[in-house]
Amino acid sequence: DSGVTQTPKHLITATGQRVTLRCSPRSGDLSVYWYQQSLDQGLQFLIQYYNGEERAKGNILERFSAQQFPDLHSELNLSSLELGDSALYFCASSRDSHQETQYFGPGTRLLVL
Amino acid sequence: AQTVTQSQPEMSVQEAETVTLSCTYDTSENNYYLFWYKQPPSRQMILVIRQEAYKQQNATENRFSVNFQKAAKSFSLKISDSQLGDTAMYFCAFMNPMGGAQKLVFGQGTRLTINP
């Protein structure tokens, strides 16, 4: 158990819908990262937050957004869902952002029908 | 941009054998970190081992060790005395700590099967 929690574990929804994925980092970790794992794109970095502020963006679609709250948990919002958004979404956390190892949550498996 | 390449999509060995997974990367940076993560059928991403580029000594964690060749930009993982529980996808990852994003850049993975 990495100490990073993600809810829900599984999510099935329809095209055009909006969902929210939630992540709680390990105790004391300030940095949160979101990754998407799909069959065709592999593991890709989406976005990073550090202590409540956005630090960097990767290959994140405009339909996707995220935030990190004062208690350091983070949410990833996916809207206008398409079939191609079906993937495993991971949250990872680290103590700070520069040299710490990232520890991954169990992931949320999203299926868009 | 950094890239990570794992040239072995699949590997299979017998239990108790030693197996080496290959990884090469491309970067112009001098200071960076390299990782191996394991993803068993449960899909959890589990850290196996980490290597700092400024350290010449290869990292080891019990049965897992790396061969880090900085000049060749090679970072292979050796699993000794392989066990059935080592069956998983293994991902090599690169991280530049001083870049704008401390993101992990992953290879495509190697599916490792340990046979009884």
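Above this text sits the structure in question.
Notes on the structure follow. (Residues numbered from 1 in each chain as written. Chains lettered and ligands numbered in written order. Predicted model: local features only at pLDDT ≥ 70, side-chain atom pairs only at ≥ 80, totals over all residues. Heavy atoms only, no water.)

Turning to the layout of surface pockets, a few remarks are in order. Its volume calculated, the largest pocket comes out at about 550 Å³. Lining of the largest pocket is provided by 24 residues; of these, Gln37(A), Ser38(A), Leu39(A), Arg43(B) and Arg111(B) occupy positions nearest its centre. The set of elements that each furnish at least two residues to the lining of the largest pocket consists of β4 (31–38), β5 (42–50), β9 (87–94) and β11 (108–112) of chain A together with β10 (88–95) and β12 (110–115) of chain B. A per-class count over the lining of the largest pocket returns 12 nonpolar, nine polar and three charged. When its volume is computed, the second largest pocket comes out at roughly 210 Å³. If you go around the second largest pocket, the residues you meet are Gln41(A), Leu43(A), Gln44(A), Phe45(A), Gly58(A), Asn59(A), Lys103(B), Leu104(B), Val105(B), Phe106(B) and Gln108(B). Elements supplying a minimum of two residues to the lining of the second largest pocket: β5 of chain A together with β11 (105–106) of chain B. When residues in the lining of the second largest pocket are grouped by element, the largest group, three residues, is from β5(A). (1 Å grid on protein atoms, 1.4 Å probe; cavity = no way out; pocket = protein on both sides within 12 Å on 5 of 7 lines; lining within 4 Å. Points joined across faces, edges and corners; volume = space filled by probe spheres on them. Helix = DSSP H or I, 4+ residues; strand = E, 2+ residues; numbered from the N terminus. Nonpolar A, V, L, I, M, F, W, Y, C, P; charged D, E, K, R; others polar.)

All names here are of chain B. Across two bridges, strand β7 (residues 60–61) lies against strand β8 (residues 64–69) in antiparallel orientation. Among the inter-strand pairings, Glu61 is bridged to a residue of β8, identified as Phe64. Between the end of β7 and the start of β8, which pair antiparallel, lie two residues, with Asn62 showing a positive phi angle near 55°. As judged from the six bridges shared by β8 and strand β9 (residues 74–79), these two strands associate in the antiparallel manner. Counterpart to Phe68 in the pairing with β9 is Phe75. With antiparallel pairing between neighbouring strands as the criterion, β8 and β9 make up a hairpin whose turn holds four residues, including Lys73 at a positive phi of roughly 55°. (Pairing = 2+ DSSP bridges.)

Tyr25(B), Trp36(B), Phe75(B), Leu77(B) and Tyr90(B) are the most contacted members of the largest nonpolar core, which has 27 residues in total. At the level of secondary structure, the elements contributing two or more residues to this core comprise β2 (10–14), β3 (19–21), β5 (33–39), β6 (46–52), β8, β9, β10 and β12 of chain B. The element best represented in this core is β10(B), accounting for four residues. Beyond its immediate stretch of four places on either side in the chain, Phe75(B) contacts Cys23(B), Tyr25(B), Leu34(B), Phe35(B), Trp36(B), Gln51(B), Val66(B), Asn67(B), Phe68(B) and Cys92(B). One finds Val19(A), Trp34(A), Cys91(A) and Leu110(A) within the second-largest nonpolar core, a separate group that totals 21 residues. (Core = buried A, V, L, I, M, F, W, Y, C linked by side-chain atoms within 4.5 Å. Buried < 20%, exposed > 50% of the residue type's maximum accessible area, 1.4 Å probe, protein only. Contact = heavy atoms within 4.5 Å.)

Interfaces are frequently sized by the accessible area removed from exposure as the parts join. Tallying the contact residues gives 24 residues for chain A and 20 residues for chain B. In this assembly, chain A and chain B are joined by zero salt bridges. For the pair chain A and chain B, the interface holds nine residue pairs in polar contact (both at pLDDT 80 or more). The dominant element in the side of chain A that touches chain B, judged by the number of residues it contributes, is β5(A), at four residues. Of the residues contributing to the side of chain A that touches chain B, the split by class is 10 nonpolar, 11 polar and three charged. (Salt bridge = Lys/Arg side-chain N within 4 Å of Asp/Glu carboxyl O. Polar contact = N/O pair within 3.5 Å; in protein donor to acceptor, adjacent residues only side chain to side chain.)

This paragraph deals with the packing of aromatic side chains. Scanning the entire structure with this criterion turns up 15 aromatic pairs over all chains. Ring geometry for Phe91(B) versus Phe106(B): centroids 6.2 Å apart, planes at 85°, classification edge-to-face. Placement of Phe91(B) in strand β10 and of Phe106(B) in strand β11 is noted, with a sequence separation of 15 residues between them. The structure contains a cluster of three or more aromatic residues connected by ring pairs, namely Tyr35(A), Phe45(A), Phe90(A), Phe104(A), Phe35(B), Tyr37(B), Phe91(B) and Phe106(B). (Phe/Tyr/Trp six-rings, centres within 6.5 Å; stacked < 30°, edge-to-face > 60°.)

This brings us to the sheet that holds strand β3 (residues 19–24) of chain A. Backbone hydrogen bonds are what pair the strands of a sheet, in a parallel or an antiparallel way. All names here are of chain A. Within the open sheet, the four strands sit side by side as β1-β3-β8-β7. Their pairing is antiparallel. Since the sheet does not close on itself, it has two edges, and those belong to β1 (5–7) and β7 (64–68), each with one partner. Adjacent strand axes in the sheet meet at a mean angle of 15°, parallel and antiparallel pairs treated alike. Pairing of β3 with strand β8 (residues 74–78), which is carried by five bridges, proceeds in the antiparallel orientation. Across the sheet, residue Arg22 finds its bridge partner in β8, namely Glu75. (Axes fitted to C-alpha atoms, helices over the stretch in contact; angles between N-to-C directions.)

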